[in-house]
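Below are the chains, spelled out letter by letter.
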Amino acid sequence: MTWEYYGDELLIIGVLTTILLIVVLNFLKSRFRRRFVFSLTLLVVGYVSCIIGLVFVRGWDALGWIMIGFSLYVIGLVTYLGVIIYHWIKARRTTKS
């Protein structure tokens, strides 16, 4: 019954939560924690804003909360992946020298 009315919201929350959990686990296992703090903060703030827009706010205001939250989430995720790729390339260059 819940899926019938809130299927899209449940799917969005599930995907965002899964990505956030993977990033947090990667953050906890990483040696470079200080370098990931900014992007992880953006991810969490974007996630919370998106959830607030989906759950608590209704109408056109909810769309603003969702879009701002989702954009912060995507920027944080891209920044996080960029830092990971940078460190991966940097490690490959130093080991090949």
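In every chain, residue numbers begin from 1 and rise along the written sequence. For this predicted model, a pLDDT threshold of at least 70 governs which residues receive local features, and a threshold of 80 or more governs which side-chain atom pairs are given and counted, while totals over whole chains, interfaces and linings are taken from all residues. Hydrogen atoms and water are omitted, and side-chain values are computed over all heavy atoms in the structure.

A short note on the overall build of the protein chain
Check the secondary structure of the protein chain and you find three helices and zero strands. Every helix listed is a DSSP run of H or I at least four residues long, and every strand listed is a run of E at least two residues long, numbered separately from the N terminus. If you list the helices and strands of the protein chain from N to C, you get α-α-α. Taken over the C-alpha trace, the protein chain has a radius of gyration of 17 Å; the compact-globule value for 97 residues is 13 Å, which it surpasses by more than 25%. In terms of its C-alpha atoms, the protein chain occupies a principal-axis envelope of roughly 60 × 25 × 15 Å. In this description, contact between two residues means that some pair of their heavy atoms is separated by no more than 4.5 Å. Within the protein chain, contacts between residues separated by at least 24 positions form 63% of all contacts whose residues are at least 6 apart in sequence. We compute the radius of gyration over the C-alpha atoms and compare it with the globule rule, which gives 2.2 Å times the number of residues raised to the power 0.38.

Describing the packing of helix α2 (residues 33-55) against helix α3 (residues 60-96)
For the pair α2 and α3, interaxial distance at closest approach is 7 Å and the crossing angle is 155°. It follows that α2 is roughly antiparallel to α3 by the angle criterion. Handedness of the α2/α3 crossing: left-handed. Ten residue types, Ala, Val, Leu, Ile, Met, Phe, Trp, Tyr, Cys and Pro, are classed as nonpolar, four, Asp, Glu, Lys and Arg, as charged, and the remainder, Gly among them, as polar. Grouping the amino acids of the contact of α2 with α3 by side-chain chemistry returns 19 nonpolar, eight polar and one charged. In this analysis an axis means a line fitted to C-alpha atoms, helices contributing only their contacting stretch, and an angle means the value between N-to-C directions, from 0 to 180 degrees. Each angle is binned into one of four classes, with values under 35 degrees roughly parallel, values over 145 roughly antiparallel, values of 65 to 115 roughly perpendicular, and all other values oblique. Take the far helix as your reference; a near helix turned counterclockwise from it by less than a right angle gives a left-handed crossing, and one turned clockwise gives a right-handed crossing.

Examining the environment of N26
Following the sequence through the fold, N26 ends up in helix α1 (residues 2-29). Three exposure classes are used, based on accessible area relative to the maximum for each residue type with a 1.4 Å probe and protein chains only: buried under 20%, partly exposed in between, and exposed over 50%. A relative accessible area of 33% means that N26 is categorised as partly exposed. Residues N26 and L54 lie 28 residues apart in sequence; the distance between their C-alpha atoms is 27 Å. Among all residues touching N26, those that are not within four sequence positions of it are Y80 and I84.

Observations regarding a nonpolar patch on the surface
Exposure above 30% relative accessible area and the absence of a salt bridge qualify a residue for a patch, where like charges join within 9 Å and nonpolar side chains (Val, Leu, Ile, Met, Phe, Trp, Tyr) within 5 Å. Surface accessibility follows the Shrake-Rupley procedure with a 1.4 Å probe radius. Residue values consider only the protein chains on display as shielding. The salt bridge criterion pairs a side-chain nitrogen of Lys or Arg with a carboxyl oxygen of Asp or Glu, the two atoms within 4 Å. A contiguous nonpolar patch, built from L81, I85, W88 and I89 and spanning about 390 Å² of accessible area, is present on the exposed surface. Following the sequence through the fold, L81 ends up in helix α3. What makes L81 partly exposed here is its relative accessible area of 42%.

Some remarks on α2
Each helix should span, by expectation, one fewer than its residue count multiplied by 1.5 Å. Relative to the 33 Å expected for 23 residues at 1.5 Å per residue, α2 spans 31 Å between its end C-alpha atoms, a close match to the ideal helical length. Note that bend, as reported per residue, equals the angle between axes fitted to the 7 residues terminating at that residue and the 7 residues originating from it. S39 marks where α2 bends most, by close to 30°. Inspection of α2 places F36, S39, L40, L42, L43, G46, Y47, S49, C50, I51, G53 and L54 among the buried residues, and these make up the whole buried set.

Quick notes on the side chain of S49
Among the secondary structure elements, S49 is positioned in helix α2. Taking the relative accessible area as the measure of exposure, S49 reaches 12% and is therefore buried. Aside from chain neighbours lying at most four places away, what touches S49 is W65 and G69.

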